[in-house]
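Listed below, chain by chain, are the residues.
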Amino acid sequence: MSDAATGEISQEGMESLVDDFSSDRQAYHVPWGKAMMWIFLVSDTFIFSCFLVGYLHARVTTTQPWPPQSEIFALSFGGDPIPLILIAIMTFVLITSSGTMAMAVNYGYRGDKVKTFWLICVTAVFGATFVGMQMFEWSKLIAEGVRPWTNPFGATQFGSVFFMVTGFHGLHVTGGVIYLIWVALRVRRGHYDNKGFEIVEIVGLYWHFVDLVWVFIFAFFYLL
Amino acid sequence: MATAEGEQHPLGIYYKIWGLLFVLSAFSYAVDYFEVQGAMRWALVLFFMVMKAGFITAFFMHVVWERMALVLTILGPPVVLLLLIGLMAVEGAYIEETRFNYRGHDRNAVALGPDDLHHDETHHGEENAH
């Protein structure tokens, strides 16, 4: 390692590598937790992209017709089935939760602990609502005979893509709800009074990312 | 740390973005509801998708207010995904063609909807699981 006093840097081996990349300089002028969350989110982007590209490949290569999503995800409230209505409601629920999260971050930086706590709680409730509706969707499709390896509507791959992509996203939402509740409780307990409220922005980044992924799933899996 | 004052923005901007996201989502749902098909469907759905993703990333995730080093770290790497998407689309189309041409798959197969299956009331999904 470099000698901080003399500013000397090593010339060879692992130490030279570390010195060249650190050089006692900070690349990202944000709290380290926020930088780490961003790096995690970039890697998570690649995971979801692999799923969606895998879906693209499965859908392009299959010679069986792709099931009509608009009819399969239709829901009837007494009258005629309304196409894709549950998915649309889920989209609005998630966007609403993103809005309350953005406001929680804002009030966090103002130091308004009460508003921050309640706004994070509202966000978590919307998140849990989303997961509940997704469970309803899964049960409905499972009852209709959709399985990861088969389905009665057309291309076999439809089942595997549906459970894989929405399942992994639902898992992210569930994890997010737990993370939100944890942060909300610590905010109320005054855990961040001296540390600062960056944590609210960090959990917010994660939450907005989950909403962002849904934007792509909604477009590619449900609409196209 | 620059954060304390750096991330403080008036609430008005969040309300505006929030409203915009609602409107854009309603528009993408309308594309399906009014059964717009073909190239127009693709164009509209992708346009609304990119707008929504952009607004969420830029304002809700504060990327417009970040320094260039962090912005490029976030937005740079995912660009290579365009190459993966392009390669898989070309390769997938080729595999589909070989299945039609050499494996005898039916080019004119038609998809079924739930309505086609529910005429028989004795049908239960569990029977299909094996």
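Residues numbered from 1 in each chain as written. Chains lettered and ligands numbered in written order. Predicted model: local features only at pLDDT ≥ 70, side-chain atom pairs only at ≥ 80, totals over all residues.

A. Fine view of the overall build of chain A. Helix and strand counts for chain A come out as seven helices and zero strands. The order of helices and strands in chain A, counted from the N terminus, is α-α-α-α-α-α-α. At 23 Å, chain A has a C-alpha radius of gyration far larger than the 17 Å of a compact globule built from 224 residues. The principal-axis extents of the C-alpha atoms in chain A amount to approximately 75 × 50 × 20 Å. The buried share among the 224 residues of chain A stands at 38%. (Helix = DSSP H or I, 4+ residues; strand = E, 2+ residues; numbered from the N terminus. Rg over C-alpha atoms; globule rule 2.2 N^0.38 Å. Buried ≥ 20, exposed ≤ 12 C-beta atoms within 10 Å, placed from the backbone.)

B. Spatial organisation of the domain arrangement of chain A. The assigned domain composition of chain A is domain 1 (1–29) and domain 2 (31–223). One C-alpha centre belongs to domain 1 of chain A, the other to domain 2 of chain A; they are set 41 Å apart. (Domains from an automatic or database assignment.)

C. Quick peek at the confidence of the model for chain A. In this model, chain A carries a mean pLDDT of 89, and residues with pLDDT of at least 70 account for 96%. Across chain A, the element-wise mean pLDDT spans from 80 in helix α1 (residues 13–22) of chain A up to 95 in helix α6 (residues 157–188) of chain A. (pLDDT = per-residue confidence, 0-100.)

D. Representation of the domain arrangement of chain B in the model. Domain parsing of chain B yields domain 1 (9–67) and domain 2 (76–107). Placing the centre of domain 1 of chain B and that of domain 2 of chain B at their C-alpha centroids yields a distance of 28 Å.

E. Examining the interface of chain A and chain B more closely. Opposite the 56 residues of chain A that make contact, chain B presents 58 residues. Those elements that place two or more of their residues in the side of chain A that touches chain B are α2 (32–61), α3 (69–72), α4 (85–109), α5 (113–143) and α7 (198–223) of chain A. Across the side of chain A that touches chain B, the residue classes break down as 33 nonpolar, 17 polar and six charged. (Contact = placed C-beta atoms within 7 Å. Nonpolar A, V, L, I, M, F, W, Y, C, P; charged D, E, K, R; others polar.)

F. Expanded view of α7 of chain A. Residue and element names in this part refer to chain A. With 26 residues, α7 should reach 38 Å at 1.5 Å per residue; the first-to-last C-alpha distance of 36 Å fits that figure. Remark: the principal bend of α7, roughly 30°, maps to I217. Here α7 lies mainly inside the structure; 24 of its 26 residues are buried. (Expected span 1.5 Å × (residues − 1). Bend = angle between axes of the 7 residues up to and from the residue.)

G. Quick look at the nonpolar core. Within the largest apolar cluster, 70 residues are counted, with the highest numbers of intra-cluster contacts made by A104, I120, L180, V183, V200, V203 and F218 of chain A. Counting residues per element, the ones that place at least two in this core are α2, α4, α5, α6 and α7 of chain A together with α2 (11–33) and α3 (38–60) of chain B. Here this core takes 19 residues from α7 of chain A, the largest share from any one element. In this view, V203 of chain A contacts Y179, L180 and V183 of chain A; residues no more than four positions away in its chain are not counted. (Core = buried A, V, L, I, M, F, W, Y, C linked by C-beta atoms within 7 Å.)

H. Quick look at the packing of α2 of chain A against α6 of chain A. All names here are of chain A. Close contact between α2 and α6 brings their axes to 11 Å; oriented N to C, the two are set at 170°. With respect to their mutual orientation, α2 and α6 come out roughly antiparallel. Across from F51, Y55, A58 and R59 in α2, the residues of α6 making contact are Q157, V161, M164, V165 and F168. Here the contact of α2 with α6 is composed, by residue class, of seven nonpolar, one polar and one charged. (Axes fitted to C-alpha atoms, helices over the stretch in contact; angles between N-to-C directions. Parallel < 35°, antiparallel > 145°, perpendicular 65-115°, else oblique.)

I. Focus on unusual backbone geometry. Residues and elements named next belong to chain B. Although it is not a glycine, E35 adopts a positive phi angle of roughly 50°. A tally of 9 C-beta atoms within 10 Å means that E35 is categorised as exposed. Positioned with a positive phi, H62 is a non-glycine residue whose angle comes to about 65°. Topologically, H62 is positioned in the loop between α3 and α4 (68–75).

J. Up close: α4 of chain A. Residue and element names in this part refer to chain A. Compared with an ideal rise of 1.5 Å per residue, which puts 25 residues at 36 Å, α4 spans 37 Å between its outermost C-alpha atoms and is within 8% of the ideal. Burial analysis of α4 places 19 of its 25 residues in the buried class, the great majority of the element. One or two positions beyond α4, positive phi appears at G111, with a value near 80°.

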